[in-house]
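What follows is the residue order along each chain.
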Amino acid sequence: MRQSHLESSRGGHVPNRDCRPVSPFRYFGYPRYLRDNGFSLALIVAVAWCANYVRFAGFGLYEDDWFYVGYPFLTNFRTWLGPALWQSAVGSAQVGRPLQAIFGYVFAEAGVVAKTLAADYLVCFSLFAASALLMYSVLRRRFSVLISTLATLLFVITPLHTLRQFLNGEFSFAPAFILVFAAMLLYLNGKPVRSYALAFLSILCYESVFFLFLGVPLLRRSGRHQDRRREWLIHLVVCGVVVVCYLIGRNFGAERRVAALNSGPALIWPVLQAWVFHTFASFASYLYAFLRAWGASLEAWVYAIAFCVMLIVFLRFCRQPKPAPAGLSREALIWIARSAAVGFLFLLLGYTASYFFFQEPTPQLHFIDRDSRISVAASFGSSVVVAVLLAGWIRLSRTRITRLIAYSGVSVFLTVLFLYSFVVQDDYVNDWTEQRERAHQVIALTPDAKRDSVIVLQLLEVDRGIFSKDVRRRAIGNETFIYETVFSSLYARGQPWPRLFVVHSDEWRQYLQQDADGFIVWSQPQVPGRWNACEGRFLPGRFIVLEEIDPGRFIRRSEPILV
């Protein structure tokens, strides 16, 4: 009995009443789970909704959404089941994620049936909330209610990425998290075969999320890790075989991104460099969120005050271990270090595929926009690390005053991140509003456009520095090339229609030339200030240039274009 008591007090092997592992799949047969965790579950769902989707009626289509989510609005289900599905799942357009292609179309069908994008966002929230609730259940297998709740709250308001409202993203990320977390629960329940099957499905949905499954033995509460060497060996071998088979399949499928990878030592160093850089640079995203949070609207502050009060109440009444006496503070620090190490290992696993995303010569910081998908998988481990440190602050507070200060500090920290989530929401609303206003102006300024016209939309350059104060450097909407590629499909699929060229500088004029037959062509495919390659042959006099002189305000240039 004495040995068991010592092990429990040191964060060891015997779970206490507060941390008893249960299965979330037995809600109706095991009401105690809801009784012990109901407030946390309700708080997580409420925060996920308010911080990310309360303004869903003002959201629209962004970047990849124009193609992947907009496609079902233009193509019926029977047509999609043919060549379109083959091309996106296993054909030349595939990127090794067949389930991503399937989920994207199927979930987007909700908006088609309801004839509104709002339905798609309700589906998006349902998937996001389900992944968060499963994450909480996974963490409860090892951690207390306090840490599990704080970590899941951080997960739903994480500053590591700004894609929780990005339909094409969340239709991929959320199912991948759901599959991985469900696989973790099955593994911890002693059902490894089923767990590996679900984990394999997750890598077909979004590969970076799959790598979190490698660390599932860390979530066991029993014994020391060196006593489970055989379990670790079998687990890592099986996961390694899955990854190797997956990469071989992508290579045989002629997937361009796999073929473009280097080999041997030329690949190992950039992979390690990107892995280490992104792991430690991810903590800077919290600083970025703190700097941008103060631009939140009055509505956000109203929600934030209510959130802060609820959080203080939760922290005050949540069952927590008694503060250790001064002589045992070393044991508390060891417990914090061990728990934080578990979260940090998951953070490392989240960036395992970081080099594979962009293949940049040197790693770059990506805090916003679609590029921040590089940190989606890492948001799990980052949330656990920060939650453990916050809970450790509370645990080390020995007096009522110091504990009250800890409660207030933790609440303020999370409230600032909550405010930043509202800033991200407003960025989505503002960008969709600007997109619609831009479309109205393009139509109004081009009444003489012909089917063979070329509309050049010259936008103001945006300061893309990480800590830029440019009000137009939003959390989403910086990429415009997808809208450009689907421009003709919005009008008459498969028929001639005015070409749209989006540029972010006036250097594009220098790369026009006239061929011997009189047609205007581009002297090179890549032009400064452009996302897409320049291609096509056009008749002189067919260029219509619209220039943005102020944010959101365009004029039409009347002077001729000299080539």
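Source: prediction; values computed, not measured.

## What to know about the overall build of the protein chain
Check the secondary structure of the protein chain and you find 21 helices and 6 strands. Sequence-distant contacts, at least 24 apart, represent 76% of the contacts inside the protein chain between residues at least 6 apart. Split by element, the accessible area of the protein chain, about 25,800 Å² in all, is 63% carbon and sulfur.

## A closer look at the sheet that holds strand S5 (residues 543–550)
Pairing is mixed in the open sheet, where 4 strands are placed in the order S2-S1-S5-S6. In this open sheet, the two strands that pair with only one neighbour each are strand S2 (499–503) and strand S6 (553–556). Averaged over all neighbouring strand pairs, the angle between strand axes comes to 25 degrees, with direction disregarded. Pairing between strand S1 (residues 454–458) and S2: 5 bridges, direction parallel. In the sheet register, Val-456 faces S2, and the bridge partner there is Phe-501. Most of the contacts of helix H20 (residues 400–445) go to S6, to which it runs at about 15 degrees, and overall it touches S1, S5 and S6.

## A look at the packing of helix H15 (residues 284–293) against H20
A pair of packed helices is characterised by two quantities: the angle between their axes and the separation of those axes. The N-to-C vectors of H15 and H20 enclose an angle of 70 degrees; their axes lie 8 Å apart at closest approach. When the interaxial angle is binned, H15 and H20 end up roughly perpendicular. Of the residues in H20, those touching H15 at Tyr-286, Tyr-288, Ala-289, Phe-290, Arg-292 and Ala-293 are Phe-413, Val-416, Leu-417, Leu-419, Tyr-420, Val-423 and Asp-427. Looking at side-chain class alone, the contact of H15 with H20 contains 11 nonpolar, no polar and 2 charged residues.

## Digging into the pairing of S1
The element S1 is largely enclosed, with a buried count of 5 among its 5 residues. Covered by surrounding structure in S1 are Val-454, Val-456 and Gln-458 together with Ile-455 and Leu-457, the residues of both alternating faces. Inspection of the sheet shows S1 paired to S5 by 5 bridges, in the parallel sense. Following the sheet pairing, Gln-458 is matched in S5 by Glu-547.

## Side note on the confidence of the model for the protein chain
Considering every residue of the protein chain, the mean pLDDT works out to 83; 83% of them sit at 70 or more. Below a pLDDT of 50 lies the segment residues 1–29, which in the model reaches 44 contacts outside its immediate sequence neighbourhood of four places, other chains included.

Each value, and the rule that gives it
- Residues numbered from 1 in each chain as written.
- Predicted model: local features only at pLDDT ≥ 70, side-chain atom pairs only at ≥ 80, totals over all residues.
- Heavy atoms only, no water.
- Helix = DSSP H or I, 4+ residues; strand = E, 2+ residues; numbered from the N terminus.
- Contact = heavy atoms within 4.5 Å.
- Areas by Shrake-Rupley, 256 points an atom, 1.4 Å probe, with all protein chains shown as cover.
- Pairing = 2+ DSSP bridges.
- Axes fitted to C-alpha atoms, helices over the stretch in contact; angles between N-to-C directions.
- Parallel < 35°, antiparallel > 145°, perpendicular 65-115°, else oblique.
- Nonpolar A, V, L, I, M, F, W, Y, C, P; charged D, E, K, R; others polar.
- Buried < 20%, exposed > 50% of the residue type's maximum accessible area, 1.4 Å probe, protein only.
- pLDDT = per-residue confidence, 0-100.

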